[in-house]
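Listed here are the chains, written in short residue letters.
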Amino acid sequence: MPPLSSSSPSASSPLTHDAVVAALRAAGCVFAEDEARLILAAARTPDELAAMVDRRVTGLPLELVVGWAQFHGLRIAVAPGVFVPRRRTEFLVEQALAHAPDASVVVDLCCGSGAVGVALAAALGRVELHAADIDPAAVSCARRNVTPFGGRVHAGDLFGALPGSLRGRVGILAANVPYVPTGEVGLLPAEARDHEPRVALDGGPDGLDVLRRVADEAPRWLAPGGCLLIETSERQAPAALEAFTRSGLSARLAVSEELYANVVVGLNQPGNEF
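The structure displayed is predicted, hence computed values, not measured ones. (Residues numbered from 1 in each chain as written. Predicted model: local features only at pLDDT ≥ 70, side-chain atom pairs only at ≥ 80, totals over all residues. Heavy atoms only, no water.)

**Q** Describe the side chain of Glu-35, naming the residues involved and giving the relevant values.
**A** Take Glu-35: it is sitting in helix H2 (residues 32-42). Residue Glu-35 is classed as buried on the basis of its relative accessible area of 8%. (Helix = DSSP H or I, 4+ residues; strand = E, 2+ residues; numbered from the N terminus. Buried < 20%, exposed > 50% of the residue type's maximum accessible area, 1.4 Å probe, protein only.)

As structure tokens, this is what we get:
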């Protein structure tokens, strides 16, 4: 459908709730009523409302239209060019809390918006929180979310971004690495393919390039009893488990049928020396 710009006859007066719902429904938004409610609440002026509806009906993800995503009970700021946190990744957070409920040092690697680290900090209370990403847009966005929790955000490639003082001290190392095989990135839904950075999606030929790099080096950064958690797909899980085991971690696969989530958990057993 054509955009509802504020200068068009259809937008000469403020858009009503029903008009917003109708526009979203015509654009194929399955949850048009819910989306309309969020957009109407976020818009500060009639012109802004019309512009937000325009952006949504032309395919911009809802989270980027309203500027935030709901994640683990928190409102996480998101921005164009930054990976939008998925609900299934809440399962990674729950697994981290189950395996390391007393963690005092948390690292969110490949942090994107910083949603995972912030959710862990909110649940654990007073922790030393660090987040890192190679993408400048993600680093800027993550600072908006992480700083209120007293955390620090670092720019750089995986562990190379982190302060050396963290070696051997990390209780929870959460890494929501890219894991889509290169040849399948083009098959992703348009909202991801067209609006999220490829660096946050493309995991190499089999999707596990970054996962292997993280697993290889993680034991040097984990405290005794600390854990590494990485989300992967059901198909990739056996190879991911092998990568964890090869690095010396005690690995297991946690699965949520409800969220279609697969998380590999690796424990750094006390007494391991790397």
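**Q** Tell me about the pairing of strand E6 (residues 170-175), and name the residues and values.
**A** Among the 6 residues of E6, 6 are classified as buried, and the element is accordingly described as predominantly covered. The pairing of strand E3 (residues 105-109) with E6 spans 4 bridges and is classified as parallel. Bridging from a neighbouring strand, Val-106 pairs with Ile-172 of E6. Note that E6 and strand E7 (residues 222-232) share 5 bridges and pair parallel. Each residue of the ladder has a partner; that of Val-170, found in E7, is Leu-222. (Pairing = 2+ DSSP bridges.)

**Q** Could you give an account of unusual backbone geometry, naming the residues involved and the relevant values?
**A** A positive phi angle, close to 55°, is found at Cys-110, a residue other than glycine. Looking at where Cys-110 falls in the secondary structure, it is placed in the loop between E3 and helix H6 (115-124). Unusually for a residue other than glycine, Tyr-260 sits at a positive phi of about 55°. Note on placement: Tyr-260 falls in the loop between strand E8 (250-256) and strand E9 (261-267).

**Q** Please give an account of H6 that cites residues and values.
**A** Here H6 lies mainly inside the structure; 7 of its 10 residues are buried. With its phi angle positive at about 90°, Gly-125 sits one or two positions after the end of H6.

**Q** So, the environment of Arg-55: which residues are in play, and what are the values?
**A** By the element assignment, Arg-55 lies in helix H3 (residues 46-57). Arg-55 gets classed as partly exposed once you look at its relative accessible area, which sits at 36%. With 10 residues separating them along the chain, Arg-55 and Val-65 place their C-alpha atoms 6.7 Å apart. With sequence-adjacent residues up to four places away left out, Arg-55 is seen in contact with Leu-60 and Val-65. (Contact = heavy atoms within 4.5 Å.)

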